[in-house]
Amino acid sequence: QVQLVESGGGLVQPGGSLRLSCAVSGSISSIYSMGWYRRAPGKQRELVAAITSDSGGRTNYADSVKGRFTISRDNAKNTVYLQMNSLKPEDTAVYYCNAEVNPAVGSWADYWGQGTQVTVSS
């Protein structure tokens, strides 16, 4: 069974920083892309950032976070990180980790973490 466990959310003042982590565990053959999504109150879930598993580690960012957020991954630990700097109140949301996983039994599928709250407020 594949599980994604997130950590690192919390309350931060505008201009501050947070680092989110997401570890994938379970019977896994391989992981392709990993990423972070968020859902703000009253809004639809949106992609924040994603990264592929190949050596280039291609990344993709939402326009609203470019230059402020950095996604990275440690393939040996099956972990993805999101470094969030210069946080703004509009970054307040529940952040969800996502991974495209090929499990040991079964076929490729998207897996999701339980979500971690990020609140940016003075």
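Residues numbered from 1 in each chain as written. Predicted model: local features only at pLDDT ≥ 70, side-chain atom pairs only at ≥ 80, totals over all residues. Heavy atoms only, no water.

## Some remarks on the packing of aromatic side chains
- A complete count under the given rule lists one aromatic pair for this structure.
- The interplanar angle of 65° and the centroid separation of 5.0 Å between the aromatic rings of Y37 and W112 together place this pair among those described as edge-to-face. Within this pair, whereas Y37 is found in strand 4 (residues 28-39), its partner W112 is found in strand 10 (residues 109-112), the two being separated by 75 residues in sequence.
- One residue, R45, lies across the ring of Y37, its end atom 5.7 Å from the ring centre.
- The positively charged end of R45 is found above the aromatic ring belonging to W112, 4.1 Å away from the centroid. (Phe/Tyr/Trp six-rings, centres within 6.5 Å; stacked < 30°, edge-to-face > 60°. Helix = DSSP H or I, 4+ residues; strand = E, 2+ residues; numbered from the N terminus. Lys NZ or Arg CZ within 6 Å of the ring centre and 35° of its normal.)

## Examining the pairing of strand 1 (residues 3-7)
- Because side chains alternate across strand 1, one face comprises the buried residues L4 and E6, and the other comprises Q3, V5 and S7, none of which is buried.
- Judged from the five bridges that link them, strand 1 and strand 3 (residues 18-25) form a sheet pairing that is antiparallel. Each residue of the ladder has a partner; that of L4, found in strand 3, is V24. (Buried < 20%, exposed > 50% of the residue type's maximum accessible area, 1.4 Å probe, protein only. Pairing = 2+ DSSP bridges.)

## Some remarks on the state of the cysteines
- Within this structure, the stated rule accounts for one disulfide.
- Shown here is the disulfide that connects C22 with C97, its sulfur atoms set 2.1 Å apart. Classification of the bridge connecting C22 and C97 rests on its S-S torsion, roughly -85°, and on that basis the disulfide is left-handed. Placement of C22 in strand 3 and of C97 in strand 9 (residues 93-103) is noted, with a sequence separation of 75 residues between them. Grouping residues by exposure puts C22 and C97 together as buried. (Disulfide = S-S within 2.5 Å.)

## Thoughts on the confidence of the model for the protein chain
- In the predicted model, the protein chain carries a mean pLDDT of 94, and 100% of its residues have values of at least 70.
- Here strand 4 stands out as the element of the protein chain with the lowest mean pLDDT, 93, in contrast to strand 11 (residues 116-120), whose mean of 98 is the highest. (pLDDT = per-residue confidence, 0-100.)

## So, unusual backbone geometry
- With phi around 50°, N78 is a residue other than glycine that occupies positive phi space.
- Among the structural elements, N78 can be located in the loop between strand 7 (69-74) and strand 8 (79-84).
- Phi is positive for S86, which is not a glycine, with a value near 50°.
- Position of S86 among the secondary structure elements: in the loop between strand 8 and strand 9.
- A relative accessible area of 42% places S86 in the partly exposed class.

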